[in-house]
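Structure assessment
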Amino acid sequence: MARILITSALPYINGVKHLGNLAGSMLPADVYARAMRLLGHDVLYICATDEHGTPAELAAQAAGMDVADYCDEMHQAQKSAGEDFALSYDYFGRSSARSNHALTQDFAARLEDAGLIEERVSKQVYSNADQRFLPDRYVEGTCPNCDYESARGDQCDNCGKLLDPIDLINPYSAVSGSKDVEIRETRHLFLRQSIMADDLRIWVNSHSADWPPLATSIALKWLDEGLRDRAITRDLKWGIPVLRQGFEGKVFYVWFDAPIAYISATQDWAEKTGGDWESWWRTDKGAGEVQYVQFMGKDNVAFHTLSFPTTIIGTNNAGGDQYKLVDNLKAFNWVTWYGGKFSTSQGRGVFMDQAISIAPSDYWRWHLMANAPEGNDAAFTWEEFQNSVNSDLANVLGNFVNRITKYAVGKFDGVVPDGGQDGEHEAWIAAELSERLPALIAHYEAREFRKAAEQTRAIWAAGNEYLTRSAPWTHYKTDVDQAAVGVRAGLNLVALFGIIAQPLIPDAAAKILNAVGVPEGNRTWSFGDFSGVADLLDALPRGLPISPPELLFTKIEDDQIVKWTEMFGGGEV
RNA sequence: GGUGGGGUAGCUCAGCUGGUUAGAGCGCAGGACUCAUAAUCCUGAGGUCGUGAGUUCAAGUCUCACUCUCACUACCA
């Protein structure tokens, strides 16, 4: 048994997340957590809302709310959306929690002791009308390169050129539209990442074999370009106060405190459950044996492979408490939406709360993982979604469960039949399983979600092939015992299919396992060694009553696709 | 502009350190079966592996050039 710590990138607070966010961090982390628990590992899966920063303040302002109240509300909304999708967090915390204030301030103090903090003065755009400093992208104006009139201060959307807000012609605040903006000097703390670059490179290279190329290549790219020091404070009201003379009214940068919330949320978990957070995070207190796995979209890779590690290594260098670095890191590409990106700010795509209102969570979980954006960006289309659900879930799995349980009710009094001897067909399916089950587990252990889903489906399909081969309905006419063998094996396959389905489609899996009376304690993946896989075909007690579950998966009809396409604008480019 | 992915059957994608007739699912065409949500099972058609060179006994797999596409590019997170 291993101890596995899992975190998924913290969803930002400014709205319910879309399917791209779900597919790229929370959902795969959940599927992995579930699979590892089923394998008997000691798993701790932590997530939280990421609540600080300019967008949170502006979103609250737009909603006419106090930012703390806004975050309370949105935290609840996201927590509830997570529950709707059966995300099995051990704890879903908040980066604004008191624990995170304390820990972030402690980290900053220790980084200073380690000589990694430096004060610098920088120039930034200030809006008098908004009474706030504006991040580059919140300053707009005319592009000096192409004369596009709504160019953002960081980059022009029209010609793609990277800009500095100072270069904009006729700059104005994107928040209020006010042209009363000026350049002001402001003092900030910088994290001296540059002096950690060599250490970071050695560490990243040590993971070149076990991280996805996407992760190492992004990290090395930044290192190759020369890691720059990064400001870790901001001129904002909402956030974690900087305890330093001359920094009154300033807070830590959201990207400094957010990953620290992985740790502080674990502290909050411990507080609530009586668990021991230090054994998960403190390498000087038993966390050395923990395997820590992070899940994130590719946009987050630089922060998780460079900035946060700098924080951890730097803090550790100060002596005293020693914290754990990530061991394995799974990075995802994007789910794309009809030629473009999902966008929270522009409302493009399908959001978690909308998704759950039109189809059960299992449908989304299955489709998003079977088509996970692992090697590449993955296009979401309604047709593909329909196909995944109807073909894989309804036809292959749902129909299998339905056909054999109904047949058992019709011909064998609704119990697992006795009688008969296993023969060549049972040997065939046993051989299939003895090859496929270890492959399935290997895919989960390697966090290859497309392949895990593909193998899961292949095992279900093998069940259908087994029924074709053993054909109990044919034997029933001449040899009831022979038919009993097929029905018995078939019902045991139903149980097995439910057991392996649990990480991906937990709700349907529970219905299936209830239908064939598998007790909670027997739903794990302790298959033993796979030489004994034939026992899986006779695991249910003979004579055990079973009952067909209600329709497991309702097919998605063409007219629903038409309706959803209209509703969500899918099909537009 | 720079950097990094990717371009493999109609569609979505597998193909680790180069090695027998390039694979899967869906879709399509035939057939089988009738227990089942008109489901399932079998068989088949279909690809000059983006383009052009090169290295090698041998390249989808390595090198170079070209082309298309997506992403990242550091004060949005």
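Note that the structure is predicted; figures quoted are calculated from it, not measured.

1. Overview of the environment of Val401
- Its location among the elements puts Val401 in helix 12 (residues 382-411).
- For the pair Val401 and Asn464, spaced 63 residues apart in sequence, the C-alpha separation works out to 9.7 Å.
- Beyond its immediate stretch of four places on either side in the chain, Val401 contacts Val494, Ile512, Pro549 and Leu552.

2. Topic: the packing of helix 6 (residues 213-225) against helix 9 (residues 301-317)
- Running from N to C, helix 6 and helix 9 cross one another at 55°; their axes reach a closest spacing of 9 Å. In terms of orientation, helix 6 and helix 9 fall into the oblique class. Viewed along their axes, helix 6 and helix 9 form a crossing whose handedness is right-handed. Listed contacts from helix 9 to Ala215, Ile218, Ala219, Trp222 and Leu223 of helix 6 are Val301, Ala302, Thr305 and Leu306.
- Considering only residue class, the contact of helix 6 with helix 9 consists of eight nonpolar, one polar and no charged.

3. Let's talk about the sheet that holds strand 7 (residues 151-152)
- Taken together, the three strands give an open sheet; going across it, the order is 7-6-8, and neighbouring strands pair in antiparallel fashion. Both edges of this open sheet fall to strand 7 and strand 8 (169-173), since each of them pairs with a single strand only.
- Where strand 6 (residues 139-142) meets strand 8, three bridges bridge the pair, whose relative direction is antiparallel. Note that in strand 8 the partner of Glu140 across the bridge is Tyr172.

4. Thoughts on the protein's contact with RNA strand B
- Close to RNA strand B lie 57 residues, the nearest being Asp50, Gly226, Asp377, Asn399 and Arg403.
- The contact in question runs from a phosphate oxygen of RNA strand B to an N or O atom on the backbone of Ala461, over 3.5 Å.
- Measuring from a base nitrogen of RNA strand B, one finds a backbone N or O atom of Phe553 at 2.8 Å.
- Looking at the surface near RNA strand B, the elements that each hand over two or more residues are helix 2 (54-62), strand 4 (117-127), helix 6, helix 7 (254-273), helix 12 and helix 14 (449-470).
- Examining the composition of the surface near RNA strand B, we find that eleven residues originate from one element, helix 12, more than from any other.
- A class-by-class count of the residues in the surface near RNA strand B yields 18 nonpolar, 18 polar and 21 charged.

5. What to know about the sheet that holds strand 5 (residues 132-133)
- The strand order 5-4-9-10 describes an open sheet built from four strands, whose pairing is antiparallel. On the outer flanks of this sheet lie strand 5 and strand 10 (230-231), each paired with one strand and no other.
- Across two bridges, strand 4 lies against strand 5 in antiparallel orientation. Paired with Ser127 across the bridge in strand 5 is Arg132.

6. Quick look at unusual backbone geometry
- With a phi close to 55°, Gln131 is a non-glycine residue in the positive phi region.
- Following the sequence through the fold, Gln131 ends up in the loop between strand 4 and strand 5.
- Gln131 sits in the exposed class, given a relative accessible area of 59%.
- Non-glycine residue Arg447 carries a positive phi angle of around 55°.
- Secondary-structure assignment places Arg447 in the loop between helix 13 (424-445) and helix 14.

7. Observations concerning the pattern of salt bridges
- Enumeration over the complete set of coordinates arrives at 30 salt bridges.
- Ionic pairing is found between Asp30 and Arg365, a salt bridge with its closest N-O pair at 2.6 Å. Taken together, the residues span a long stretch of sequence, with Asp30 in helix 1 (residues 19-38) and Arg365 in helix 11 (residues 361-370) at a distance of 335 residues.

8. Re the domain arrangement of chain A
- Per the domain assignment, the segments of chain A are domain 1 (3-106 + 255-358), domain 2 (116-234) and domain 3 (382-538).
- Summarising the inter-unit geometry, the C-alpha centres of domain 1 and domain 2 are found 23 Å apart.
- Between domain 1 and domain 2, the contact holds 29 residues from the first and 24 residues from the second.
- Of the roughly 2200 Å² buried between domain 1 and domain 2, counting both surfaces, carbon and sulfur atoms make up 72%.
- Looking at the side of domain 1 facing domain 2, the largest losses of area belong to Leu58, Leu306 and Thr310, adding up to 25% of the total buried there.

9. Observations concerning the side chain of Thr104
- One can find Thr104 in helix 4 (residues 98-113).
- Taking relative accessible area as the criterion, Thr104 reaches 0% and is therefore assigned buried.
- Reaching out from Thr104, the side chain makes a polar contact with the backbone oxygen of Asn100 at a distance of 2.7 Å.
- Excluding residues within four positions of it along the chain, Thr104 makes contact with Ile240, Phe252, Phe256, Asp257 and Ile260.

10. A look at the confidence of the model for chain A
- Across chain A, the average pLDDT comes to 90, with 98% of residues at or above 70.
- The lowest-confidence element of chain A is strand 16 (residues 340-341), averaging 72 in pLDDT; the highest-confidence one is helix 8 (residues 278-281), averaging 98.
- Interface predicted TM-score (ipTM) for the complex: 0.91; the corresponding pTM is 0.95.

11. Some details on the packing of aromatic side chains
- For the structure shown, the criterion picks out 28 aromatic pairs.
- Ring centres of Tyr126 and Phe133 lie 5.0 Å apart, and the angle between their planes is 75°; this geometry places the pair in the edge-to-face category. With respect to class, Tyr126 is no different from Phe133; both count as buried.
- Ring geometry for Trp364 and Phe380: centres 6.1 Å apart, planes at 25°, overall stacked.

12. Notes on the nonpolar core
- Ranked by internal contacts, the top residues of the largest apolar core, which has 176 residues, are Trp364, Trp382, Phe385 and Trp460.
- Ranked by the residues each element gives to this core, the list is headed by helix 16 (residues 480-501), at 13 residues.
- Among all residues touching Trp364, those that are not within four sequence positions of it are Leu19, Phe85, Ala355, Ile356, Ile358, Ala359, Phe380, Trp382 and Phe385.
- Ranked by size, the runner-up nonpolar core spans eleven residues in total, among them Leu58, Tyr138, Cys143 and Cys156.

13. Here's the deal with helix 12
- Of all the bends found along helix 12, the most pronounced is centred on Asn399 and spans about 35°.
- Positive backbone phi, at 60°, marks Asp413, one or two positions downstream of helix 12.

14. Side note on the state of the cysteines
- Inspection of the entire model under this criterion finds zero disulfides.
- Looking at the unpaired Cys71, the closest cysteine sulfur is the one in Cys47, lying at 15 Å.

15. Examining the pairing of strand 3 (residues 91-94)
- In strand 3, alternate side chains face the same way, and those of Tyr91 and Gly93 on one face and Phe92 and Arg94 on the other are all buried.
- Taken together, the four bridges between strand 2 (residues 42-49) and strand 3 define a ladder with parallel strand orientation. Considered in strand 3, the bridge of Ala48 is made with Gly93.

Cut-offs applied
- Residues numbered from 1 in each chain as written.
- Chains lettered and ligands numbered in written order.
- Predicted model: local features only at pLDDT ≥ 70, side-chain atom pairs only at ≥ 80, totals over all residues.
- Heavy atoms only, no water.
- Helix = DSSP H or I, 4+ residues; strand = E, 2+ residues; numbered from the N terminus.
- Contact = heavy atoms within 4.5 Å.
- Axes fitted to C-alpha atoms, helices over the stretch in contact; angles between N-to-C directions.
- Parallel < 35°, antiparallel > 145°, perpendicular 65-115°, else oblique.
- Left-handed = near helix turned anticlockwise from the far one by under 90°.
- Nonpolar A, V, L, I, M, F, W, Y, C, P; charged D, E, K, R; others polar.
- Pairing = 2+ DSSP bridges.
- Near = heavy atom within 4 Å.
- Polar contact = N/O pair within 3.5 Å; in protein donor to acceptor, adjacent residues only side chain to side chain.
- Buried < 20%, exposed > 50% of the residue type's maximum accessible area, 1.4 Å probe, protein only.
- Salt bridge = Lys/Arg side-chain N within 4 Å of Asp/Glu carboxyl O.
- Domains from an automatic or database assignment.
- Buried area = accessible area lost by both parts, 1.4 Å probe.
- pLDDT = per-residue confidence, 0-100.
- Phe/Tyr/Trp six-rings, centres within 6.5 Å; stacked < 30°, edge-to-face > 60°.
- Core = buried A, V, L, I, M, F, W, Y, C linked by side-chain atoms within 4.5 Å.
- Bend = angle between axes of the 7 residues up to and from the residue.
- Disulfide = S-S within 2.5 Å.

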